[in-house]
Amino acid sequence: MLTVLLALTGAVVYGAADFLGGLAARRLRAVTVAAAAAAVGLVPLLLGALIVGAAFSGPAVLVGAAAGVSGSVAVLLLYRALAVGPMSVLSPLTAVFAAVTPVAVALLSGTVLSVGAWAALVVAVVAVVLVAAVREASGARVTVGGVVTAAVAGCGFGGIVIAYDAVPEDAGVASLLVARVVQAVLLGAVAAVVAVRPGGAADPAPSARPVRSAASTPRWSQRLVVAVAACGVLDALANACIQAALLAGQGDAALPVVSVLNALYPVGTVVLAGVVLRERLTAVQWTGIVLAFGASVGLALA
């Protein structure tokens, strides 16, 4: 029960962080938002180290580094996807791949899936097609680039869960801290490169934010600062919840359960997108999203 509660809490917090990150990425470069949020996320983890401790053993550092690299790719691509497409569509699409990735790794490791698990995978593929094939009535549409970006981001999120599943029991927040430092450094470096090369691939699409000249500098309003800071804190807390859920689980069964429950994070994103941005979904899109959630639950129960 504790594993489920921690995993679901992490998912909800992830969803809120993703919404704030995607919202900020509509006004600033996605890589800038990701780098700033990663740096801010160090604060709650440093406070956590003072409370629960941090043992920087070789395995803990290695796992943290792997999670940091995977997270850097995943967060950047997710913010990019949310900046150029409807959040209520691309976020659930990312979640499908986040749930399936650990399953694929298990298969390559020799794990045999049940009939129910295979059925859930088929449903997930159908969900991807339904969600990606429909345009929003408001004018926002899902593009091939957005779908691919969201899918790769989902694989990255799945990689984070796989990495945290290997964290030593006595590591405390060591792996989380290493992962966050790696993210801050990698994303910060990319942000610096993009800053001197305006209009690069990591820059949000012009349609997703106000048009500005190549020589201008993005403006950090008070709302953007608050959004990015909150995003960083929430993302760090969500990672802590996921690691705690994996450690609280029993044996190998914790990985698929936590990974699938973690993939439900779009609940928070979708709710906030509907309330704040008033994004509307068609019946077919709702069907795809419901199937995506159903596939995630099916994988957990298989």
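Not measured: the values here are computed from a predicted model.

What counts, and at which threshold
- Residues numbered from 1 in each chain as written.
- Predicted model: local features only at pLDDT ≥ 70, side-chain atom pairs only at ≥ 80, totals over all residues.
- Heavy atoms only, no water.
- Helix = DSSP H or I, 4+ residues; strand = E, 2+ residues; numbered from the N terminus.
- Contact = heavy atoms within 4.5 Å.
- Salt bridge = Lys/Arg side-chain N within 4 Å of Asp/Glu carboxyl O.
- Buried < 20%, exposed > 50% of the residue type's maximum accessible area, 1.4 Å probe, protein only.
- Axes fitted to C-alpha atoms, helices over the stretch in contact; angles between N-to-C directions.
- Parallel < 35°, antiparallel > 145°, perpendicular 65-115°, else oblique.
- Left-handed = near helix turned anticlockwise from the far one by under 90°.
- Arc of directions from axis to C-beta.
- Core = buried A, V, L, I, M, F, W, Y, C linked by side-chain atoms within 4.5 Å.

A. Spatial organisation of the overall build of the protein. Each helix and strand in the protein was counted, giving twelve helices and zero strands. Counting helices and strands in the order they occur from the N terminus, the protein gives α-α-α-α-α-α-α-α-α-α-α-α. Of the contacts made within the protein by residues no fewer than 6 positions apart, 91% connect residues no fewer than 24 positions apart.

B. Main features of the pattern of salt bridges. Applying the stated criterion to the full structure yields one salt bridge. Residues Asp235 and Arg180 are paired through a salt bridge, measuring 2.9 Å at the closest nitrogen-oxygen approach. Separated by 55 residues along the polypeptide, Asp235 in helix H9 (residues 222-248) and Arg180 in helix H8 (residues 174-196) bring together distant segments of the chain. The buried category is assigned to Arg180, whose relative accessible area is 4%.

C. Representation of the packing of helix H2 (residues 30-40) against H8 within the structure. Relative to each other, H2 and H8 sit at 150°, their axes nearing to 8 Å. Our classification of the angle between H2 and H8 gives roughly antiparallel. Two packed elements cross with a definite hand, and for H2 against H8 that hand is left-handed. Contacts between H2 and H8 involve Val31, Thr32, Ala34, Ala35, Ala37, Ala38 and Ala39 on the former and, on the latter, Arg180, Gln183, Ala184, Leu187, Gly188, Val190, Ala191 and Val194.

D. The arrangement of helix H3 (residues 42-52) in detail. Turning to H3, its buried residues are Leu42, Pro44, Leu45 and Gly48. All buried residues of H3 project into a common sector of 160° when viewed along the axis, lining one side. Among the exposed residues of H3, those pointing more than 90 degrees away from its buried face are Leu47 and Leu50. Gly53 lies just past H3 and shows a positive phi near 90°.

E. Geometry of the nonpolar core. Ranked by size, the top nonpolar core spans 65 residues in total, and within it Val33, Tyr79, Phe157, Tyr164 and Leu246 carry the most contacts. The residues contacting Phe157, other than those within four sequence positions of it, are Ala74, Val75, Leu78, Thr94, Ala98 and Tyr265.

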